[in-house]
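# Per-entry structural report
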Amino acid sequence: MSVGRHAFGIDIGGSGVKGAAVDLDTGELVHERIKIATPHPSTPDAVAAAVAKLIETAGWDGPVGLTLPCVVLDGVAYTAANVDRSWIGTDARALFATALGGREVTVLNDADAAGLAEDRYGAARDIHGLVLLLTFGTGIGSALLNNGALVPNTELGHLEIGGMETEHRAAASVKERENLDYPEWAARVSTVLSGLEDLFWPTVIVAGGGISRDADQWIPLLTNRTRVVPANLKNTAGIVGAAMAVDAGITP
């Protein structure tokens, strides 16, 4: 497989390790996404072995970008969400480089990767200025980009707004756990968005996560001032953003 304007991205999550080559001119996957179940326990060595298997299956021989549900600084994981806590303190970049035969790798936070992809190819592709992406799931992931430049590891889901962490107030999991209807949940999301926009004054807010598929049921109910749009790359955003990162040499 020729590298050319292609790059390979792998998105590592709690349930699956997913990857594909990406056409960097269009943001589209070059071939069908390959998925391997995330090992349990999801220790660094076990996940690295799954990544190596995925790359072997794809027949890819170039650089690889990878996401982790972790804060990543200079290749080292400092938190662990939905993966084994033994990731904390692991030099993920060195681990994956070794597992992949010494090739070039880049590792970044999964929400940051999704933000890169949505900013260039997705819901915010024609937006100039500050783009804020929030992924609503078990928690709230975040990515902040200014005219395409990523501010990594923002972790805004842990920011306290109105006396409560944002993800404890308005994650999608909270809606399910407390059996909130969409108007009730949208009111909570509005509180979070109003607090965030007072801090950052974004041009647009991109709403991601699985609940974004039901965007027509709750985005029109939001009362914050900034325009909110649903993410549109869905389950390819992490893969695409990881590929972009390794192509651009982004190393948070």
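All of these numbers come straight from a predicted model, not from anything done at the bench.

### Describing the overall build of the protein
Secondary structure summary: the protein contains eight helices and 15 strands in total. For a compact globule of 252 residues, the expected C-alpha radius of gyration is about 18 Å, and the protein comes in at 18 Å, within 12% of that figure. Across its three principal directions, the C-alpha atoms of the protein cover 50 × 35 × 30 Å. Across the 252 residues of the protein, 55% fall into the buried class. Residue pairs at least 24 apart in sequence account for 62% of intrachain contacts in the protein once pairs closer than 6 positions are excluded.

### Things to note about the nonpolar core
Residues I10 and F96 are the most contacted members of the largest nonpolar core, which totals 31 residues. In terms of residues, this core owes the most to one element, helix α1 (residues 44-58), which gives seven residues. When neighbours within four sequence positions are excluded, F96 is seen to be in contact with I12, V47, A48, V51, L66, L68, W87, V105 and V107. Y121, I127, I239 and A245 belong to the second largest nonpolar core, which has 29 residues in total.

### Here we look at the environment of F8
On the secondary structure map, F8 appears in strand β1 (residues 6-12). Between the alpha carbons of F8 and A243 there is a distance of 5.0 Å; along the sequence they are 235 residues apart.

### Thoughts on the environment of F200
Among the secondary structure elements, F200 is positioned in helix α6 (residues 182-200). Taking the C-alpha atoms as reference, F200 lies 9.2 Å from L144; in sequence the two are 56 residues apart.

About the criteria used
- Residues numbered from 1 in each chain as written.
- Predicted model: local features only at pLDDT ≥ 70, side-chain atom pairs only at ≥ 80, totals over all residues.
- Heavy atoms only, no water.
- Helix = DSSP H or I, 4+ residues; strand = E, 2+ residues; numbered from the N terminus.
- Rg over C-alpha atoms; globule rule 2.2 N^0.38 Å.
- Buried < 20%, exposed > 50% of the residue type's maximum accessible area, 1.4 Å probe, protein only.
- Contact = heavy atoms within 4.5 Å.
- Core = buried A, V, L, I, M, F, W, Y, C linked by side-chain atoms within 4.5 Å.

Shape descriptors only; they carry no functional weight alone.
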